[in-house]
Amino acid sequence: MLQPLLIPYADAQAQSSILVGLKDAPSEEGAPDEERLLQRYCYLMGRKYPLDGWEYAKVFGLFRNAVVMQGVAARVAKGQASSSFAHLVAKVFPQCMAMAMDIVDRLEAQSRKSKL
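Residues numbered from 1 in each chain as written. Predicted model: local features only at pLDDT ≥ 70, side-chain atom pairs only at ≥ 80, totals over all residues. Heavy atoms only, no water.

A. Focus on the overall build of the protein. A count of helical and extended segments in the protein gives four helices and zero strands. Counted from the first residue to the last, the protein has its helices and strands arranged as α-α-α-α. Within the protein, the fraction of its 116 residues that count as buried is 28%. Across the protein, contacts joining residues at least 24 apart in sequence account for 61% of those joining residues at least 6 apart. A total accessible area of about 8,000 Å² is found for the protein, and carbon and sulfur atoms account for 57% of it. (Helix = DSSP H or I, 4+ residues; strand = E, 2+ residues; numbered from the N terminus. Buried < 20%, exposed > 50% of the residue type's maximum accessible area, 1.4 Å probe, protein only. Contact = heavy atoms within 4.5 Å. Areas by Shrake-Rupley, 256 points an atom, 1.4 Å probe, with all protein chains shown as cover.)

B. Local environment of the pattern of salt bridges. Summed over all chains, the structure comprises four salt bridges. Between aspartate 52 and lysine 48 there is a salt bridge, and its shortest N-O distance comes to 3.5 Å. We classify aspartate 52 as exposed; its relative accessible area is 67%. Its salt-bridge partner being arginine 106, residue glutamate 55 comes within 3.1 Å of it at the nearest N-O pair. (Salt bridge = Lys/Arg side-chain N within 4 Å of Asp/Glu carboxyl O.)

C. Highlighting helix H2 (residues 34-45). Between its terminal C-alpha atoms H2 stretches 16 Å, which fits the 16 Å expected from 12 residues at 1.5 Å a residue. If you check which residues of H2 are buried, you get Glu34, Leu38 and Cys42. The arc that holds every buried residue of H2, seen down its axis, measures 70 degrees, which confines them to one face. Away from its buried face, by an angle of more than 90 degrees, H2 presents the exposed residues Arg36, Tyr43 and Leu44. Positive backbone phi, approximately 70 degrees, marks glycine 46, located one or two places after H2. (Expected span 1.5 Å × (residues − 1). Arc of directions from axis to C-beta.)

D. Up close: a nonpolar patch on the surface. On the surface, Tyr43, Leu44 and Met45 cluster together to form a nonpolar patch covering roughly 390 Å² of accessible area. Secondary-structure assignment places methionine 45 in helix H2. The class of methionine 45 is exposed, set by a relative accessible area of 51%. (Patch = residues over 30% accessible without salt bridge, like charges linked within 9 Å, V, L, I, M, F, W, Y side chains within 5 Å.)

Set out below in structure tokens:
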């Protein structure tokens, strides 16, 4: 599945977050931008570019990640976390949801404009 690979390119509200990842990374550091990675994926998989529904796939992946993060947060709250980094993952849940909702809001705004 391509979507998890590209989550680091999602728009993050916070400047310091494990979700910021490769967003706005300088190309001279060797990190291709999201569009270039998608184009390469389509070329290698024999699919047409741009991918239909890609924004919806990003939202699905962010919601899926948010559910996992919320589960980790619940285990942290109960003292049952199995990782020493679980508290960091638990703190990112709100940012992950905000990223998903930003995309949803943008898609809804685009949809309303196209119906006018």
